[in-house]
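# Coordinates in review
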Amino acid sequence: MKLERELACRQVVELVTAYLDDALDPVDRERFEEHLVFCDGCANYLEQMRATIRLAGGAGLVLPPALESRLLDAFNDWRTS
Ligand SMILES: [Zn+2]
């Protein structure tokens, strides 16, 4: 799969599942992560997906507890703003 130089938010949303499954090739993965650096909406979406998968016991993704609580705080801030 070849992507444009810069990902659109729509593409990021479409790629989230593949990203979490570690199914993106390295170039796409890098672009995906670059997008998250400057796009709070997609970064929050990724965390929401990650939390959902974890609650579902799906992909077996584990975050360090400190990082996890920081991300959840960020997500809760975003959701209530
Ligand atoms: Zn975005």
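The structure displayed is predicted, hence computed values, not measured ones.

Before going further, it helps to spend a moment on the overall build of the protein. Looking only at helices and strands, the protein has 4 helices and 0 strands in total. Scanning the protein from its N terminus toward the C terminus, one meets helices and strands in the order α-α-α-α. Burial analysis of the protein (81 residues in total) assigns 9% to the buried set. Put simply, of all contacts in the protein between residues at least 6 apart along the chain, 60% involve residues at least 24 apart.

Turning to the nonpolar core, a few remarks are in order. By size, the foremost hydrophobic cluster in this structure holds 6 residues: L7, V12, L15, F32, C42 and L46. Secondary structure elements with two or more residues in this core: α1 (9–20) and α3 (40–55). With near-sequence residues (within four places) excluded, F32 lies in contact with L7, V12, L15, Y19 and L24.

Turning our eyes to something else, we now look at unusual backbone geometry. A negative phi holds for most residues other than glycine; trans holds for most peptide bonds. Positive phi, close to 60 degrees, is recorded for D22, a residue that is not glycine. The topology assignment puts D22 in the loop between α1 and α2 (26–38).

Relative orientation of the contacting elements α1 and α2 amounts to 120 degrees, with a least axis distance of 11 Å. Judged on the interaxial angle alone, α2 and α1 are oblique. Like other packed secondary-structure pairs, α1 and α2 cross with a definite hand, here left-handed. Contact with α1, carried on its side by V12, L15 and Y19, involves R29, F32 and H35 of α2 and no other residues of that element.

Moving on, we come to the confidence of the model for the protein. Model confidence for the protein is summarised by a mean pLDDT of 80, while 75% of its residues fall at 70 or above. Per-element averaging of pLDDT across the protein places helix α4 (residues 65–80) at the bottom with 71 and α2 at the top with 93.

Cut-offs used in this document
Here the residue numbers are simple positions, counted from 1 along each chain's written sequence. Thresholds applied to this predicted model are a pLDDT of at least 70 for local features of residues and 80 or more for the giving and counting of side-chain atom pairs; totals over whole chains, interfaces and linings are not thresholded and use all residues. Labels follow the DSSP assignment, with helices taken as runs of H or I lasting at least four residues and strands as runs of E lasting at least two, numbered in each case from the N terminus. Counting other C-beta atoms within 10 Å of its own, a residue is labelled buried from 20 upward, exposed at 12 or fewer, and partly exposed in the gap between, with every C-beta atom placed from the backbone. Contact between two residues is assigned when their C-beta atoms, built from the backbone, lie within 7 Å. Note on terminology: a nonpolar core is any set of buried Ala, Val, Leu, Ile, Met, Phe, Trp, Tyr and Cys residues joined through C-beta atoms within 7 Å. Lines fitted to C-alpha atoms define the axes here, with helix axes fitted over just the stretch in contact, and angles between the N-to-C directions of these axes take values from 0 to 180 degrees. Note that the term roughly parallel is reserved for angles under 35 degrees, roughly antiparallel for angles over 145, roughly perpendicular for angles of 65 to 115, and oblique for everything else. Less than a right angle of anticlockwise turn of the near helix away from the far helix marks a crossing as left-handed, whereas a clockwise turn marks it as right-handed. You can read pLDDT as the predictor saying how much it trusts each residue, on a scale of 0 to 100.

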